[in-house]
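One letter stands for each residue in the lines below.
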Amino acid sequence: MAPHRARRRRIRRSGRRTLVYTVVASAVLVGGTAAGAVYVKAQAHDRGSLVSSPSASPGTSSSASSPGQEASVEPVTEPTVDRDALLAKAMKAVALENGAAVSVAVFDIDSGEGAAYGEGAFDTASIVKVDILATLLLQAQDADRHLTAAEKTYATAMITNSDNASASALWDIIGQADGLDAANKRFGLTGTSGGDGALWGLTQTTAADQLTLLQQVFGDDSALGEASRTYLQGLMGEIAADQHWGVSAAADGTQWALKNGWLARSSTGLWDINSIGRVTVDGDEYLVATLSNGNTTKAKGISVVEAAAKAAVAAFGSA
């Protein structure tokens, strides 16, 4: 096991009921991003106010003032923290170039709270490779079969080294966009559409959907079985050293699992830079998806997604 493999801990289901909400994905994009013929290498939960069990307030006697009279007990409501507002505040420190856009969504595994910033759809670039493998694993489950040796070889190269030829092979095996879209419907993704023909990297997605996908990979309430989830988690924890960037910037040391995506658009020369994964910060685990486009260089895009990931975690650490 590589030293940077993230700890595997199941998402605990909260005793309180959490509300599913649609997290929207990116700021306004200025400038065109026409599709280029190139191969490229969650639902978060809304924050409901927490209400404690009814109990007597300090200094109030639990005994009745007269025989047969019940004591008056008032429920205590904890103040609601506006995580979206905290994230928006933290994102003010993220420097964007003219015409660039960024979106980020985060889910706190322990508390069941989420936050999001931005709106719109983005090219996936290579983060779609997680979705491709999740689709393959779901299809294999449905057929009651194990992955073949060839499929495992493709999967390892596709996730750990972001190998494009392997992604193209598995894209064809799952049935290209039709297969991906069918699986995503079962995963609960509502804003993702597979790329045309062989162009898997031009799949369109939102930060909300990528958070939903991460919950399918790292959560217990998933269409994927435990063995499939463990397999995919393991590969995301074995990323090649030259790809140790992105959401991992927000993690404590080596406690992360991720997949990055990067693509220079042929029509504009501008870069799509994305990163999704799980990070551990001060003992707490977060799922983070950050998407960007319109970056003039790959390095500048990496700086944006790393700053956005840190801002997402700060939305929880600051309150």
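Residues numbered from 1 in each chain as written. Predicted model: local features only at pLDDT ≥ 70, side-chain atom pairs only at ≥ 80, totals over all residues. Heavy atoms only, no water.

> Hey, could you run me through the packing of aromatic side chains in this one?
Each aromatic ring pair is characterised by the separation of its centres together with the angle its planes make. Inspection of the entire model under this criterion finds two aromatic pairs. Look at Tyr286 and Phe316: their rings are 5.5 Å apart centre to centre, the planes differ by 50°, and that puts the pair in the tilted class. Of the two residues, Tyr286 is situated in strand S9 (residues 284-295) and Phe316 in helix H8 (residues 298-317); the sequence distance between them amounts to 30 residues. Here Tyr286 and Phe316 have matching classes, each one buried. (Phe/Tyr/Trp six-rings, centres within 6.5 Å; stacked < 30°, edge-to-face > 60°. Helix = DSSP H or I, 4+ residues; strand = E, 2+ residues; numbered from the N terminus. Buried < 20%, exposed > 50% of the residue type's maximum accessible area, 1.4 Å probe, protein only.)

> Can you help me understand the environment of Met158 in this one?
Positionally, Met158 belongs in helix H3 (residues 149-160). Residue Met158 is classed as buried on the basis of its relative accessible area of 0%. Excluding residues within four positions of it along the chain, Met158 makes contact with Lys129, Ile132, Leu133, Asp163, Ser166, Ala167, Leu170 and Lys259. (Contact = heavy atoms within 4.5 Å.)

> Where do I start with helix H6 (residues 207-218) in this structure?
Since the α-helix turns once every 3.6 residues, residues separated by three or four places project in the same direction. Taking 1.5 Å as the rise per residue, H6 with twelve residues should run 16 Å; its terminal C-alpha atoms sit 16 Å apart, in good agreement. Within H6, twelve of the twelve residues are buried, which leaves the element mostly enclosed by the surrounding structure. Those residues of H6 that sit buried are Ala207, Ala208, Asp209, Gln210, Leu211, Thr212, Leu213, Leu214, Gln215, Gln216, Val217 and Phe218. (Expected span 1.5 Å × (residues − 1).)

> Is there a simple way to think about the pattern of salt bridges in this case?
Proximity of charged atoms lets side chains of opposite charge pair with each other. By the definition in use, this model includes six salt bridges. One salt bridge in this structure joins Glu113 and Arg83, with 3.3 Å as the shortest N-O distance. Placement of Glu113 in the loop between strand S3 (101-108) and strand S4 (114-117) and of Arg83 in helix H1 (residues 83-91) is noted, with a sequence separation of 30 residues between them. Between Glu97 and Lys300 there is a salt bridge whose closest N-O contact spans 3.4 Å. Of this pair, Glu97 sits in the loop between H1 and S3 while Lys300 sits in helix H8, placing them 203 residues apart in sequence. On the accessibility criterion, Glu97 (23% relative accessible area) is partly exposed. Residue Lys300 is classed as partly exposed on the basis of its relative accessible area, which comes to 43%. (Salt bridge = Lys/Arg side-chain N within 4 Å of Asp/Glu carboxyl O.)

> What should I look at first to understand the packing of H1 against H8 in this one?
For any two helices packed against each other, the geometry comes down to the angle between their axes and how far apart the axes lie. In contact at an axis separation of 8 Å, H1 and H8 are set at 140° when each is read in the N-to-C sense. The orientation of H1 with respect to H8, classified from their angle, is oblique. Taken as a pair, H1 and H8 cross one another with a handedness that is right-handed. Judged by residue contacts, Arg83, Leu86, Leu87, Ala90 and Met91 of H1 engage Ala308, Ala311, Ala312, Ala315 and Phe316 from H8. Among the residues making up the contact of H1 with H8, the classes are represented as nine nonpolar, no polar and one charged. (Axes fitted to C-alpha atoms, helices over the stretch in contact; angles between N-to-C directions. Parallel < 35°, antiparallel > 145°, perpendicular 65-115°, else oblique. Left-handed = near helix turned anticlockwise from the far one by under 90°. Nonpolar A, V, L, I, M, F, W, Y, C, P; charged D, E, K, R; others polar.)

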